[in-house]
Amino acid sequence: MDWQALIRKLVRGLLTVWVVVTFTFVALNLSGDPIEALVGDQASPEVVQQYRQKFGLDRPLWEQYVSYLHNLVQGDFGLSLSDQKPATELIEEALPYTLRLGLTAFGLGLLAGLALGIVAALHRNRPVDRFVMSFAVLGFSLPNFFLGILLILLFSLHLRMLPSAGADTIWHLILPAITLGTHFAGVFARFTRSAMLEVLNRQYMVAARAKGAPQARRVLWHALPNAAIPILTIVGLKLGDLVAGSIIVETVFGWPGVGRLLIGAVTSRDFAVVQAILILTAITMVLSNLAVDFFYTLVDPRMRSARKEG
């Protein structure tokens, strides 16, 4: 393992998180006074000042920033203004719901996308290929809120088969998972098709076909591993996008996850919660990129050789 490359990536990841922290802190503090949203317009100036002192908002901005960074290093993401609870506690309550929805949708989208992309590549320029690509384009271009509303109208209001909101049972998971998974499936199908087309006509594929290897074996054991690099790239990007990508879906279906928590925190100017969620999202993206880079070296021996030579 190239430890120097790993250290460089970790340093870049930490810098990315720091930039997100700084930008979020400055942007939120310039957007308005959160105390006014907390106490309302009818509160007296004395009450407003009392709350500002309580939460340390009466200090200069640079002092608040230094104090915030110091608390972050110690694992303290601040106190929610609305709930009077630590921001991490609110996220811990909502995160399991987001992971349940996001990982279910991601798994469904990945399986469907890989299968559709492979089928489209094997039937290039045929009706099957055009149908799959039409679905892929529709899947990743159709807004999640629009697809979610259509599914609610059809399966909840018209057919009365599935619940439209909540997270009490597994039946509540179906519609939001389909909504989010359709986007993933469209993206993965498009990239899988492109990656497979790059390798299907290579010499080793022609040789495998000439030796009489079954098509399933040629596709799964020869073509797919060699097409894995671009597929892994988009999988890593979308895996890191789980929290941010679920915001709209959670709002449409009343799913009590991190995305819905973020919308409520933005509305009420609950800075601590907003900052904590954005930092969580940045860390997720950084870790997913590191994981993808690690898996590159597993699926492509040429990258290991290049790093050793370098």
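Here the structure is shown first, and the text comes after it.
Here we summarise the structure given alongside this text. (Residues numbered from 1 in each chain as written. Predicted model: local features only at pLDDT ≥ 70, side-chain atom pairs only at ≥ 80, totals over all residues. Heavy atoms only, no water.)

**Description of unusual backbone geometry**
Negative phi is the rule for most residues except glycine; trans is the rule for most peptide bonds. With a phi close to 65°, N125 is a non-glycine residue in the positive phi region. For N125, the position within the fold is in the loop between helix 5 (87–122) and helix 6 (127–141). In this structure, R160 takes a positive phi of about 55° despite not being glycine. Here R160 is to be found in the loop between helix 7 (144–158) and helix 8 (171–199). (Helix = DSSP H or I, 4+ residues; strand = E, 2+ residues; numbered from the N terminus.)

**Considerations on the nonpolar core**
With 33 residues, the main nonpolar core has L101, F184 and M196 as its most contacted residues. Secondary structure elements with two or more residues in this core: helix 5, helix 7, helix 8, helix 10 (215–226) and helix 11 (228–240). In terms of residue count, the dominant contributor to this core is helix 8 (eleven residues). Look past the residues within four positions of M196 in its chain and what remains in contact with it is I118, A121, V219, A223, L224 and A227. Counting residues in each nonpolar core, the second largest holds 26 residues, with L72, L90, I247 and F271 among its members. (Core = buried A, V, L, I, M, F, W, Y, C linked by side-chain atoms within 4.5 Å. Buried < 20%, exposed > 50% of the residue type's maximum accessible area, 1.4 Å probe, protein only. Contact = heavy atoms within 4.5 Å.)

**Describing the environment of F25**
Among the secondary structure elements, F25 is positioned in helix 1 (residues 3–30). On the basis of relative accessibility, which here comes to 5%, the residue F25 falls in the buried class. Each C-alpha atom of the pair F25 and Q84 lies 20 Å from the other, and the pair is 59 residues apart in sequence.

**Describing the pattern of salt bridges**
Evaluated as defined, the whole model comprises two salt bridges. As a salt-bridge pair, R193 and D129 come within 2.7 Å of each other at their nearest N and O atoms. One end of the pair, R193, is in helix 8; the other, D129, is in helix 6, and 64 residues separate them in sequence. Taken as a pair, R193 and D129 share a single burial class, namely buried. (Salt bridge = Lys/Arg side-chain N within 4 Å of Asp/Glu carboxyl O.)

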